[in-house]
Amino acid sequence: EAQVTQNPRYLITVTGKKLTVTCSQNMNHEYMSWYRQDPGLGLRQIYYSMNVEVTDKGDVPEGYKVSRKEKRNFPLILESPSPNQTSLYFCASSYQTGHGNTEAFFGQGTRLTVV
Amino acid sequence: EDQVTQSPEALRLQEGESSSLNCSYTVSGLRGLFWYRQDPGKGPEFLFTLYSAGEEKEKERLKATLTKKESFLHITAPKPEDSATYLCAVQAAGGFKTIFGAGTRLFVKA
């Protein structure tokens, strides 16, 4: 079954304690990205990757890091989480064509609370 | 600055009452426009991709259209199971960022 898998689904952590949210896809997609979703603001892109070792900033990259060492995995790293990073996070993947990207497949989401 | 604005924020319909959702965009060249549906607590689910003005796509009770400045998602004779948040997203030419609108929450009452 084609899917994007995020872990964990729920996480409560304390300010300053480094954490990683994993994302894996089994569709051999080139393009992967991370979003955060906050009430009234919709989905905002944090980082995206067009292929292995190629990453770029989205609209809200501050306080986040990513890496793309393998095509299927795209972890999101919060080196020193702060309460304003409390949010619902989604990972997504899609094919990349000459037109741009095809439709994105999204993971189930990770609800992060930083206290 | 690239921007996507969706209206209305929320829409309440009676079952069978057709309506349209709007997505206005300002980008320096459009690479693609996407519509997604999101149910509470779940990730967005793909509906349509539109690439050029004049393009239309249909799926069951939904039809998406595209002009040079906006896209419409027409819902014909909606049913309660169509209740969800509908999201519009664009990719601008010259880059690979994806920009989402804030969404329209649709409620369909039986």
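Just so we're clear, the structure is a prediction, and the values are computed from it rather than from any experiment.

**Some words on the overall build of chain B**
- Counting secondary structure elements, chain B contains zero helices and eleven strands.
- Reading the helices (α) and strands (β) of chain B from amino to carboxyl end gives β-β-β-β-β-β-β-β-β-β-β.
- Going through the 110 residues of chain B one by one, you find that 45% of them count as buried.
- Excluding contacts between residues fewer than 6 apart, the proportion of contacts in chain B whose partners are at least 24 apart in sequence is 54%.
- Entry remark: accessible area of chain B is about 5,400 Å², with carbon and sulfur atoms responsible for 47%.
- Averaging the coordinates of the 14 positive side-chain charges in chain B and doing the same for the 14 negative ones gives two points 2 Å apart.

**Thoughts on the interface of chain B and chain A**
- Taken together, the 20 residues of chain B in the interface contact 26 residues of chain A.
- When chain B packs against chain A, the two sides together hide about 1,700 Å² of surface, and 55% of this comes from carbon and sulfur.
- Put simply, chain B and chain A have one salt bridge between them.
- Asp59(A) is paired through a salt bridge with Lys97(B); the nearest N and O atoms lie 3.1 Å apart.
- At the boundary of chain B and chain A, one finds five residue pairs in polar contact (both at pLDDT 80 or more).

**Let's talk about a nonpolar patch on the surface**
- Among the surface-exposed residues, Ile12(A), Val14(A) and Val115(A) lie close enough to one another that they form a single nonpolar patch of about 310 Å² accessible area.
- Considering the arrangement of structural elements, one finds Val14(A) in the loop between β2 (10-13) and β3 (19-25).

**Regarding the sheet that holds β3(A)**
- Pairing within the open sheet is antiparallel, and its four strands lie in the order β1-β3-β8-β7 (chain A). The outermost strands of the open sheet, each flanked by one partner alone, are β1 (4-7) and β7 (65-66) of chain A.

**Observations regarding the packing of aromatic side chains**
Residue and element names in this part refer to chain A.
- According to the stated counting rule, one finds ten aromatic pairs over all chains in the structure shown.
- Measuring from ring centre to ring centre gives 5.7 Å for Tyr31 and Tyr48, while their planes differ by 20°; the resulting arrangement is stacked. Of the two residues, Tyr31 is situated in strand β4 (residues 31-38) and Tyr48 in strand β5 (residues 42-51); the sequence distance between them amounts to 17 residues. Here Tyr31 and Tyr48 have matching classes, each one buried.

**Structural notes on the pattern of salt bridges**
- One pass over the full model with this rule turns up nine salt bridges over all chains.
- The partner of Lys18(A) in a salt bridge is Glu79(A), and the shortest N-O contact between them spans 3.9 Å. Note that Lys18(A) is positioned in the loop between β2 and β3 and Glu79(A) in the loop between β8 (76-78) and β9 (87-94), a separation of 61 residues in sequence.
- Of the residues examined, Glu79(A) reaches a relative accessible area of 39% and is grouped as partly exposed.
- Note that Asp39(B) is salt-bridged to Arg37(B), the shortest N-O span being 3.0 Å.
- Taking the relative accessible area as the measure of exposure, Asp39(B) reaches 22% and is therefore partly exposed.
- By sharing partners, the salt bridges in this structure join Lys18(A), Lys65(A) and Glu79(A) into a single network.

What counts and what doesn't
- Residues numbered from 1 in each chain as written.
- Chains lettered and ligands numbered in written order.
- Predicted model: local features only at pLDDT ≥ 70, side-chain atom pairs only at ≥ 80, totals over all residues.
- Heavy atoms only, no water.
- Helix = DSSP H or I, 4+ residues; strand = E, 2+ residues; numbered from the N terminus.
- Buried < 20%, exposed > 50% of the residue type's maximum accessible area, 1.4 Å probe, protein only.
- Contact = heavy atoms within 4.5 Å.
- Areas by Shrake-Rupley, 256 points an atom, 1.4 Å probe, with all protein chains shown as cover.
- Lys, Arg positive; Asp, Glu negative; His and termini not counted.
- Charge placed at Lys NZ, Arg CZ, Asp CG, Glu CD.
- Buried area = accessible area lost by both parts, 1.4 Å probe.
- Salt bridge = Lys/Arg side-chain N within 4 Å of Asp/Glu carboxyl O.
- Polar contact = N/O pair within 3.5 Å; in protein donor to acceptor, adjacent residues only side chain to side chain.
- Patch = residues over 30% accessible without salt bridge, like charges linked within 9 Å, V, L, I, M, F, W, Y side chains within 5 Å.
- Pairing = 2+ DSSP bridges.
- Phe/Tyr/Trp six-rings, centres within 6.5 Å; stacked < 30°, edge-to-face > 60°.

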